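Reading the structure
Okay, here's what each chain looks like letter by letter:
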Amino acid sequence: MTATSAVIARDHPNDPLLRSDRFPHILCPGCGIGTVIHCYVEAMAASGVPLDNHVCVSGIGCSGRAAGYVNVDSYHTAHGRAIPFALGIAIHKPELRVTVISGDGDLTAIGGNHFIHAARRNMNLTVVCINNFNYGMTGGQAGPTSPRGSITSTAPKGVHDRPFNLPDLARAAGASFVARWTILHVRQLRDAILRGLQKPGFSFIEALSPCPTNFGRANDLGDGMAEMEVYRQRCRIVQELPGFDELDIDFVDEERPIAVGNFVDIDRHPYQPVGADAFDNVPNGTQRVHHPVGEE
Amino acid sequence: MSDAPQREQRVLSGTHFMLGDHACAEGALAGGVDYFGGYPITPSTEIAERLARRLPAVGGKYVQMEDELGSIMSILGASAAGARSLTATSGPGFSLMMESIGLAAMMELPCVIVDVQRASPSTGLPTMVGQSDILQARWGSHGDYGMAAFSPASPQECFDLTVHALNVADQYRIPVFLMMDEVVAHMTERVVIPPADEVPLVHRKRPDHKPGAQRHLPYAVGEDGVPAMAHAGEGYKVHMTGLTHDERGYPALTPATHNALVNRLVDKVRHNAQHIMRYDEFELDDAETVVIAFGCTSRSARQAVRQARQRGAKCGLLRLVSVWPFPEQRIRELLQRGTVRRFVVPEVNLGQLRREVERLTQLPVQRINHAGGAMPTPADILEVLL
Ligand SMILES: Cc1ncc(C[n+]2csc(CCOP(=O)(O)OP(=O)(O)O)c2C)c(N)n1
Ligand code: SF4
Ligand SMILES: [Mg+2]
């Protein structure tokens, strides 16, 4: 190790927020996932919530490795099941701020049902979806966010199916806060996660992110920096949730803008578990039929 | 839960005339369940319905999840945060839970899964009895792992064994199954619930150091092979993963770590089998024919043994209260006596438990099976015993 790298490693202000004993990490050069983790830990530090009250839950995938690198109670669960696991924590300990960080496939293909139901309940969760338009970990197969026409290892002639528009899906399902940024928009992404951490109810933040190893290579997007340049040129910040088609992402049509922004920020009743005052203690029809034990 | 008036409300001490499913729900309450996540399915629904009313009233939480994939994962999350947690389902839902049961075993998150068995496979006969998930309980998730399964034969045992299942899950940090069946679930009988302070409660082992004082190793173990459990939100900065991991909970993807970890997960149960296991014996002393049965079928078996004895047949019953661990040692002891001539295994499946008995003996193992919807009657068993 050179003297310079030793100084950087010792002094980085985010070190206490990361499990630096796990570095080097497994992510590829140019991958966007590290940037999302960075935005999350900065939002966590800025949230005013004590670090011991933050919990991070992930599913499976490259994005799912996020939970392994953050220095708070963290759980790397099963593919698609991060949200219900997080829900169990959030319900048992409502004082905790539980954040789910996972991939597009994990949260919206295999885990799609949990996603819409947690939004419907307006569960106190911040869900960060790292959308790299494919299944990175398994080698770049098509998923529910792969744009039509994009090339993947399971769609060699271009993806045929229509993709999800995740912000639209989250809003329709009942989320209180919905944003989309890219990893180029580091400050906005951090602030959106921070807003999510501070807002009661279900917050959803989509983070568009390069996967240069798989999606980037297959679609001639170049390395991570080159894909960031695409974001820089084509992203348009909008204030309101755009129409369904305007949310589409298309890497082939170079004229087409990519809509980003904090689209939805509304106050809806956050999830409240049924309280102690809701019912009589003993249901009808369960009266004791004999004497209490001991008197018999 | 520690709060005394609440404890009184939780435990409906007294003598009741109670449905098996309701007795299970009361066992959950008396056993200290903090969280129930479930999805309705016959013949387990009455458990959820009762807990939906009763649990919030005593400070617990009830959530009706979107499916069983969610139910099981929500109870695992709650368990990670310190809750005693339980879910209830039947075959189709039990199948959906399988992947996450392996996660519970791997992360060592205590949990109880109630499976009220109905006639299967697939949708089968939803309202009628089955006992055909018994091998699935043992082997259903991919890989080797430790677990325990109990099978109540009466509403009273639905209560008692739910409490016991919660204790075993916490003590060994394993998934525990309560393998009920439709007959027992929908049977109403006398249930005696003891005074609150007489309900035995065993809790998971907790770290013996304060957070921050020293580095917490979530998977460091002593002689018993069971790690102390720190919960989310306590400041220990726990990490858990379903990947093969080291003492820190960090992925350690080597065959040697994997071999040691999986062996420990299995040995936690294997080495403590004598403490976890339960069975009872009826007329076994001089028995030449040993009937081995569990759940509803053991009721027919007991009646058949009684009738056969009256007619001079030397037979007895080994009733499995825990199906897993299986009382291998006890069966070996019976065989060493030299008096046993044969085994008879009645069950509402096509011979799942019979295989387990055959593994232990060269003697004939006669089966009495029904695929589901009806159970062997005392007459069916008596015919084989005489
Ligand atoms: C039940 C199950 N099915 C399939 C897999 C294999 N698998 C692992 S990660 C993954 C996809 C991950 O994609 P995504 O969530 O988008 O994350 P990324 O790797 O792109 O960050 C799949 C299919 C699995 N682990 N479990
Ligand atoms: S495969 Fe793609 S998503 Fe996974 S680490 Fe590499 S670049 Fe990132
Ligand atoms: Mg992906």
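All residue numbers refer to position in the chain's written sequence, counted from 1. All chains are assigned letters beginning at A, and all ligands numbers beginning at 1, according to the order in which they are written. In keeping with the model being predicted, local features are shown solely for residues with a pLDDT of at least 70 and side-chain atom pairs are shown and tallied solely at 80 or more, while totals for entire chains, interfaces and linings include all residues. The side-chain figures draw on all heavy atoms in the structure; neither hydrogens nor water molecules are used.

1. As for the overall build of chain A
Rules: Secondary structure elements are taken from DSSP: a helix is a run of H or I of four residues or more, a strand is a run of E of two residues or more, and numbering for both begins at the N terminus. Throughout this description, buried means an accessible area under 20% of the type-specific maximum (1.4 Å probe, protein chains only), exposed means over 50%, and partly exposed covers the range between. Throughout, a residue-residue contact means that at least one pair of heavy atoms, one from each residue, lies within 4.5 Å. For accessible areas, the Shrake-Rupley method is used with a probe of radius 1.4 Å. Any residue's cover is judged against the shown protein chains and nothing else.
Secondary structure assignment for chain A yields 9 helices and 8 strands. When each of the 296 residues of chain A is scored for burial, the buried share is 55%. Counting only contacts in chain A whose residues sit at least 6 apart along the sequence, the fraction spanning at least 24 positions is 68%. Carbon together with sulfur atoms contributes 54% to the accessible area of chain A, which is approximately 12600 Å² in total.

2. A word on the pattern of salt bridges
Put simply, the rule is: Each reported salt bridge corresponds to a side-chain nitrogen of Lys or Arg within 4 Å of a carboxyl oxygen of Asp or Glu.
Evaluated as defined, the whole model comprises 35 salt bridges over all chains. Put simply, A:Arg162 and A:Asp245 hold a salt bridge, and the shortest N to O gap is 3.4 Å. With A:Arg162 in the loop between strand E4 (125–131) and helix H6 (166–173) and A:Asp245 in the loop between strand E7 (235–237) and strand E8 (258–265), this pair connects stretches of sequence that are 83 residues apart. What you see here is one network of salt bridges that share partners, running through A:Asp21, B:Arg215, B:Asp246 and B:Arg248.

3. Looking at the site of ligand 1
This is how it is decided: Think of it this way: one heavy atom of a residue within 4 Å of a molecule or strand is enough to make that residue near it. Polar contacts, as used here, are pairs of N or O atoms within 3.5 Å; protein pairs need one atom able to donate a hydrogen and one able to accept it. Residues neighboring in sequence count only if both atoms are side-chain atoms. Residue polarity follows a fixed list, in which Ala, Val, Leu, Ile, Met, Phe, Trp, Tyr, Cys and Pro are nonpolar, Asp, Glu, Lys and Arg are charged, and the others, Gly among them, are polar.
Taken together, 17 residues surround ligand 1, and among them A:Cys62, A:Ser63, A:Asp106, A:Gly136 and A:Met137 come closest. More than one chain reaches ligand 1: its neighbouring residues belong to chains A and B. Within the side chain of A:Asp104, an N or O atom sits 3.2 Å from an oxygen atom of ligand 1. A distance of 3.0 Å is found between an oxygen atom of ligand 1 and a backbone nitrogen or oxygen belonging to A:Asn134. Per element, the largest residue contribution to the shell around ligand 1 is 4 residues, and it comes from helix H4 (residues 104–110) of chain A. Of the residues in the shell around ligand 1, the class split is 5 nonpolar, 9 polar and 3 charged.

4. Describing the confidence of the model for chain B
Here is the rule: pLDDT is a residue-level measure of predictor confidence that goes from 0 to 100.
Averaged over every residue, the pLDDT of chain B is 97; residues scoring 70 or more account for 99%. For this predicted complex, the interface confidence reaches an ipTM of 0.97, while the overall pTM sits at 0.96.

5. Topic: the coordination of the magnesium ion (ligand 3)
Residue and element names in this part refer to chain A. Rule in force here: The rule for donors is simple: N, O or S, within 2.8 Å of the metal, or within 3.2 Å if the metal is Na, K or Ca. Water isn't counted, so a site may look like it is missing partners.
Surrounding the magnesium ion (ligand 3) are the protein donor atoms Asp104 (OD), Asn132 (OD1) and Asn134 (O), which sit 2.1 to 2.3 Å from the metal. When the donor residues of the magnesium ion (ligand 3) are listed from N- to C-terminus, their spacing reads D-x27-N-x1-N. Residue Asp104 is located in helix H4, and its partner Asn132 is located in the loop between E4 and H6; the two are separated by 28 residues in the primary sequence. On the accessibility criterion, Asp104 (1% relative accessible area) is buried.

6. Quick notes on the site of ligand 2
Residue and element names in this part refer to chain A. As a matter of local geometry, ligand 2 sits amid Leu27, Cys28, Cys31, Ile33, Cys62, Asn132, Gly136, Cys211, Pro212, Thr213 and Asn214. The dominant element in the shell around ligand 2, judged by the number of residues it contributes, is helix H8 (residues 212–218), at 3 residues. Among the residues forming the shell around ligand 2, the class breakdown is 7 nonpolar, 4 polar and no charged.

7. A closer look at the packing of helix H5 (residues 112–121) of chain A against H6(A)
Residue and element names in this part refer to chain A. Note the cut-off: Comment: axis = line fitted to C-alpha atoms, over the contacting stretch for helices; angle = value between 0 and 180 degrees taken between N-to-C directions. Reported orientations rely on four angle classes, namely roughly parallel under 35 degrees, roughly antiparallel over 145, roughly perpendicular from 65 to 115, and oblique for the rest.
Orientation of H5 relative to H6, taken along the N-to-C sense of each, is 45°, at an axis distance of 7 Å. With respect to H6, the element H5 is oriented oblique. Only Leu169, Ala170 and Ala173 of H6 make contact with H5, whose side of the interface consists of Phe115, Ile116, Ala119 and Arg120. Here the contact of H5 with H6 is built from residues that sort into 6 nonpolar, no polar and 1 charged.

8. Description of the packing of aromatic side chains
In plain terms, the rule: Classification of ring pairs rests on two measures: the distance between centres of Phe, Tyr or Trp rings, Trp counted by its six-membered ring, which must be within 6.5 Å, and the angle between planes, read as stacked under 30 degrees, edge-to-face over 60 and tilted in between. Consider the ring centre and the ring normal. A charge sits over the ring if Lys NZ or Arg CZ is within 6 Å of that centre and within 35 degrees of that normal.
A full pass over the atoms with the stated rule returns 10 aromatic pairs over all chains. Relative to B:Phe177, the ring of B:Phe94 lies with its centre 5.6 Å away and its plane at 85°, an arrangement referred to as edge-to-face. In this pair, B:Phe94 sits in helix H5 (residues 91–107) while B:Phe177 sits in strand E8 (residues 175–181), placing the two residues 83 residues apart along the sequence. Per residue, the accessibility class of B:Phe94 equals that of B:Phe177, and both read buried. Every member of this aromatic cluster is reached through a ring pair, and the members are A:Phe115, A:Phe202 and A:Phe204. The aromatic ring of B:Trp139 is capped on one face by B:Arg138, whose charged end is 4.1 Å from the ring centroid. Sitting over the face of the ring of B:Phe282, B:Arg302 holds its NZ or CZ atom 4.9 Å from the ring centroid.

9. Observations regarding the confidence of the model for chain A
For chain A, the average pLDDT comes to 92, and 89% of its residues sit at 70 or higher. Under a pLDDT of 50 for its full length, residues 287–296 of chain A has, in the predicted model, 22 contacts with residues more than four places off or in other chains.

10. Comments concerning the nonpolar core
For clarity, the threshold we go by: We define a nonpolar core as any set of buried Ala, Val, Leu, Ile, Met, Phe, Trp, Tyr and Cys residues linked to one another through side-chain atoms lying within 4.5 Å. Marked domain ranges trace back to an automatic or database domain assignment.
In this structure, A:Val57, A:Tyr75, A:Phe85, A:Ile89, A:Leu125 and B:Ile292 are the most contacted members of the largest nonpolar core, which totals 89 residues. Two domains each donate at least three residues to this core, and these are domain 1 (4–198) and domain 2 (278–385) of chain B. If we ignore the near neighbours within four places in the chain, the residues touching A:Phe85 are A:Val57, A:Tyr75, A:Thr77, B:Met73, B:Ser74, B:Leu76, B:Gly77, B:Ala80, B:Met107 and B:Leu109.

11. Points about the environment of A:Gln188
All names here are of chain A. Inspection of the secondary structure puts Gln188 in helix H7 (residues 186–198). Each C-alpha atom of the pair Gln188 and Cys39 lies 9.1 Å from the other, and the pair is 149 residues apart in sequence. Sequence-distant contacts of Gln188, that is, excluding residues within four places in its chain, are made with Trp181 and Ile237.

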